[in-house]
Amino acid sequence: MVWTDERIEELKALWAEGLTTGEIGKRLGVSKNAVVGKAHRLGLQGRPSPIKREQKPRQDAPASRKKETDSKIRSVVDLSVHTCRWPIGDPREPGFHFCGAPSLPNKPYCAEHASVAYVSSGGKSSPSRDESAA
């Protein structure tokens with residue numbers, strides 16, 4: 001993959017819209033790591049971690065899910081293979097905890113967090129060395 005002027009402009013526009021690196025990668029047909037590397041080399045302004053942004057429960061979460069996640073702050077010792085291990089907040093701050101909702105079969109996260117964690121890069125299994133260095 002070659003970073004043409006057009007693709008660079010599209011990357012800048014999508015970055016400015018606030019899309020995740022995974023979503024930008026999908027739209028451009030590259031890995032999210034290629035997007036991160038190119039954004040860094042272009043000097044695009046960094047953005048906060050999506051993990052840190054999710055300190056408050058989402059408004060669109062089902063009421064039963066909110067009740068479960070809000071009822072107890074889960075530490076690593078409270079987790080099992082059947083609970084979501086998505087970190088919420090900054091580990092250096094009070095109130096840091098894990099989601100704790102029921103996880104998907106054979107996955108460490110619930111459906112909501114799996115949709116964030118597992119983002120494909122447009123059907124490619126892995127980028128070639130030339131793409132990731134671009």
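Below you will find a few notes about this structure. Here the structure is a predicted model, which is why all the values come from computation and not from measurement.

A separate point is helix α3 (residues 32-42). Taken together, the buried positions of α3 are A34, V35, G37, K38 and A39. Looking at the residues trailing α3, positive phi occurs at G43, about 75°.

Another point: the nonpolar core. In terms of nonpolar packing, the biggest core is built from twelve residues, these being W3, I8, L11, L14, W15, L19, I24, L28, V30, A34, V35 and A39. If you list the elements that add at least two residues to this core, you get α1 (5-17), α2 (21-28) and α3. Ranked by residue count, the leading element in this core is α1, at four residues. Residue contacts for I24: discarding those within four places in its chain leaves L11, L14, W15, L19, V35 and R47.

Bringing the packing of α2 against α3 into the picture now. Packed helix pairs are characterised by how far apart their axes lie and by the angle those axes make with each other. Two elements in contact, α2 and α3, have axes whose closest approach is 8 Å; the angle formed by their N-to-C orientations is 105°. If you check the angle between α2 and α3, you find them roughly perpendicular. Where α2 abuts α3, its residues T21, G22, I24 and G25 lie against K32, V35 and V36. In terms of residue class, the contact of α2 with α3 is built from three nonpolar, three polar and one charged.

Counted according to the given criterion, the structure contains three salt bridges. Measuring nitrogen to oxygen at the nearest pair gives 3.7 Å for the salt bridge that ties K12 to E9. In this pair, K12 and E9 are both assigned in helix α1, three residues apart and thus about one turn of the helix distant. With relative accessibility at 48%, the residue E9 sits in the partly exposed group. Between D90 and R92 there is a salt bridge; the shortest N-O distance is 2.9 Å. On the basis of relative accessible area, D90 is assigned to the buried category, the value being 10%.

Scoring rules and cut-offs
Residues numbered from 1 in each chain as written. Predicted model: local features only at pLDDT ≥ 70, side-chain atom pairs only at ≥ 80, totals over all residues. Heavy atoms only, no water. Buried < 20%, exposed > 50% of the residue type's maximum accessible area, 1.4 Å probe, protein only. Helix = DSSP H or I, 4+ residues; strand = E, 2+ residues; numbered from the N terminus. Core = buried A, V, L, I, M, F, W, Y, C linked by side-chain atoms within 4.5 Å. Contact = heavy atoms within 4.5 Å. Axes fitted to C-alpha atoms, helices over the stretch in contact; angles between N-to-C directions. Parallel < 35°, antiparallel > 145°, perpendicular 65-115°, else oblique. Nonpolar A, V, L, I, M, F, W, Y, C, P; charged D, E, K, R; others polar. Salt bridge = Lys/Arg side-chain N within 4 Å of Asp/Glu carboxyl O.

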